[in-house]
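Here is how the chains run, residue by residue.
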Amino acid sequence: MNFNYASELLQLCKENNLPISEVMIRRELANTDTTREEIIQKMTKSLNIMKSSVKIPLETSIKTMGGLIGGEEKKIFDRFKEGKSLTGSLTTKALAYSLGVLEVNTSMGTIVASPTAGASGVIPGLLLALQEEFNLSDECVLNGLFNASAIGYLLMRNASVSGAEAGCQAEVGSASAMAAAATVEMMGGTPEQCMYAASTALQNLLGLVCDPVAGLVEVPCQSRNGVGATNALICAEMALSGITNIIPLDEMIECMYSVGKTMPSELRETALGGCAKTPSGCKKCSIFK
Ligand code: SF4
C-alpha cells in the first residue's frame, strides 16, 4: 500500500474503508522488513518517550542550554490547579505539555522529534492532553501517531519540515498539521476530515519565519509549540464540526513549500532576522559570543 500525495492516501482510505493510521501501518509493512508487532512496538517506544517528556518539567527543575526558558509548564499547571485557567483543561494541558517538551529538548533530554526537535512539543502536547481528558486508550493514541506520521511523510516528501529550508511554518506548521489530522482520527472523524484539519492548520501558520534568538531553540520556539498544539485543536474542532477547506492538503503543502522558498536566508534559522534581530534578542545573542 503506497501513496505519495494526500489525494492518493485519501483514495486508499476510501477504497479499503480504512483510517489513515491503518494505511500508514500497511505502507510500513509493504516497504520495510518489519512485522506489524515490531512497528507497533517501535511506535509504543516513541509514545512512552513522549509521555515522560511531558511530565519531567513538572517534577524536576530543568536547566536549559541557553537559560532563556525554563519552568513554563509548571507555571501554567500551577495556575490551572488554582482554578484560574482561562482556556479550560484540554487547551491548558495541551499548551502546558507542549511547552514542557521544549524545556526537555533544550536541556538535552530525550524527546521524539515529531517531525523535528524544535517542534517536538506540538504532537505529544495535544495528543496526551486528549488522552487524559477523554480517557483514551494507548491504542487510540498510537493510531493518532500513525496518522500523524502519514501526514508528516507527505510533508517531508513533497515539501520540507526544516526551518532552515522553509521557515517555522515547515516545522511548527507541519507538526500542527500532523497533530490536527491525528486529533480528528482519534475523536472519530473521517480521513477526509483529517485532511481538512491538516490543510487548515498549515494555512493558519503559513509564512511563519524561523528566527531563534541567539540561535537557540528556546525563544520563540517554545511558545510557538503552544500555538501549534492549540491551532491543531481548533482546526480539528472545525473539521469535526463539518467545516471543510477549499484548498486541498496537497495544494497547501505545495503552497507552504513555495512560500518557504521565497523566504530570505535571514528568516530561515540563521538567527539574523525576526525575533533574533530585535534589540532584546541581540542582547541575548551577545551573551553567548
Ligand atoms: S523558530 Fe526555527 S528553530 Fe524555532 S521552532 Fe521554529 S523552525 Fe524551529
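Parameters and conventions
Residues numbered from 1 in each chain as written. Predicted model: local features only at pLDDT ≥ 70, side-chain atom pairs only at ≥ 80, totals over all residues. Helix = DSSP H or I, 4+ residues; strand = E, 2+ residues; numbered from the N terminus. Rg over C-alpha atoms; globule rule 2.2 N^0.38 Å. Contact = placed C-beta atoms within 7 Å. Buried ≥ 20, exposed ≤ 12 C-beta atoms within 10 Å, placed from the backbone. Arc of directions from axis to C-beta. Near = placed C-beta within 6 Å. Nonpolar A, V, L, I, M, F, W, Y, C, P; charged D, E, K, R; others polar. Core = buried A, V, L, I, M, F, W, Y, C linked by C-beta atoms within 7 Å. Axes fitted to C-alpha atoms, helices over the stretch in contact; angles between N-to-C directions. Parallel < 35°, antiparallel > 145°, perpendicular 65-115°, else oblique. Left-handed = near helix turned anticlockwise from the far one by under 90°. Expected span 1.5 Å × (residues − 1).

Caption draft 1: Seen up close, the overall build of the chain. Within the chain, the regular secondary structure consists of 13 helices and zero strands. Expected size for 289 residues packed as a compact globule is a radius of gyration near 19 Å; at 18 Å, the chain falls within 12% of this value. In the chain, the share of contacts with a sequence separation of at least 24, taken over all contacts with a separation of at least 6, comes to 80%.

Caption draft 2: How the structure looks around helix H4 (residues 72-81). Burial in H4 covers these residues: Glu-72, Glu-73 and Ile-76. The buried side chains of H4 occupy one side of the element, clustering within an arc of 105 degrees when seen end-on. Exposed residues lying more than 90 degrees from the buried face of H4 are Lys-75 and Lys-81. In this fold, the buried residues of H4 make contact with helix H3 (36-59), helix H5 (88-106) and helix H11 (221-240). Trailing H4 by a residue or two, Gly-83 shows a phi angle of about 75 degrees, which is positive.

Caption draft 3: Structural detail: the site of the ligand. Near the ligand there are 14 residues, and of these Gly-118, Gly-163, Cys-168, Cys-210 and Cys-221 occur at the shortest range. Contributing elements (two or more residues each) for the shell around the ligand: helix H9 (168-186) and H11. Counting residues per element, the shell around the ligand draws most heavily on H9, at three residues. Each residue belonging to the shell around the ligand can be placed in one class, and the counts come to eight nonpolar, two polar and four charged.

Caption draft 4: The nonpolar core, seen in detail. Judged by nonpolar contacts, the single largest core of 89 residues is most densely connected at Leu-126, Ala-179, Ala-180, Ala-181, Ala-197, Ala-198 and Ala-232. Each residue touching Ala-232, except ones within four places of it in the same chain, is listed here: Val-122, Leu-126, Ser-176, Ala-179, Ala-180, Thr-183 and Ala-201.

Caption draft 5: Fine view of the packing of helix H1 (residues 6-16) against helix H10 (residues 191-204). One way to put it is that H1 packs onto H10 with a least axis distance of 9 Å and a crossing angle of 160 degrees. Considering the angle they form, H1 stands roughly antiparallel to H10. At the point where H1 passes H10, the crossing takes the right-handed sense. Of the residues in H10, those in contact with Ala-6, Leu-10 and Cys-13 of H1 are Pro-191, Glu-192 and Met-195. Within the contact of H1 with H10, the residues separate by chemical class into five nonpolar, no polar and one charged.

Caption draft 6: Fine view of H11. Between its terminal C-alpha atoms H11 stretches 28 Å, which fits the 28 Å expected from 20 residues at 1.5 Å a residue. The element H11 is largely enclosed, with a buried count of 15 among its 20 residues. A positive backbone phi angle near 95 degrees is found at Gly-242, which sits one or two residues after H11.

Caption draft 7: Representation of unusual backbone geometry within the structure. Looking along the chain, the bond that leaves Ser-114 and enters Pro-115 is cis, with omega of 0 degrees. Examined against the element boundaries, Pro-115 turns out to sit in the loop between H5 and helix H6 (122-134). Cis geometry marks the peptide bond from Val-219 to Pro-220, where omega comes out at 5 degrees. With respect to the element layout, Pro-220 can be found in the loop between H10 and H11.

Caption draft 8: Region of the structure containing the environment of Ala-239. In this fold, Ala-239 is placed in helix H11. Given 28 C-beta atoms within 10 Å, Ala-239 falls into the buried group. The residues contacting Ala-239, other than those within four sequence positions of it, are Val-184, Gly-189, Gln-193, Tyr-196 and Ala-197.

Caption draft 9: Molecular detail of the environment of Ile-20. Within the fold, Ile-20 resides in helix H2 (residues 20-31). In contact with Ile-20, not counting residues within four places along its chain, are Leu-9, Cys-13, Asn-147, Ala-150, Ala-181, Glu-185, Pro-191 and Cys-194.

Caption draft 10: Structural context of the environment of Cys-210. Among the structural elements, Cys-210 can be located in the loop between H10 and H11. Through-space distance from the C-alpha of Cys-210 to that of Glu-8 is 31 Å; in sequence the pair is 202 residues apart. With residues near it in sequence (within four places) discarded, Cys-210 still touches Gly-163, Ala-164, Gly-167, Cys-168, Glu-171, Leu-267, Arg-268 and Glu-269.

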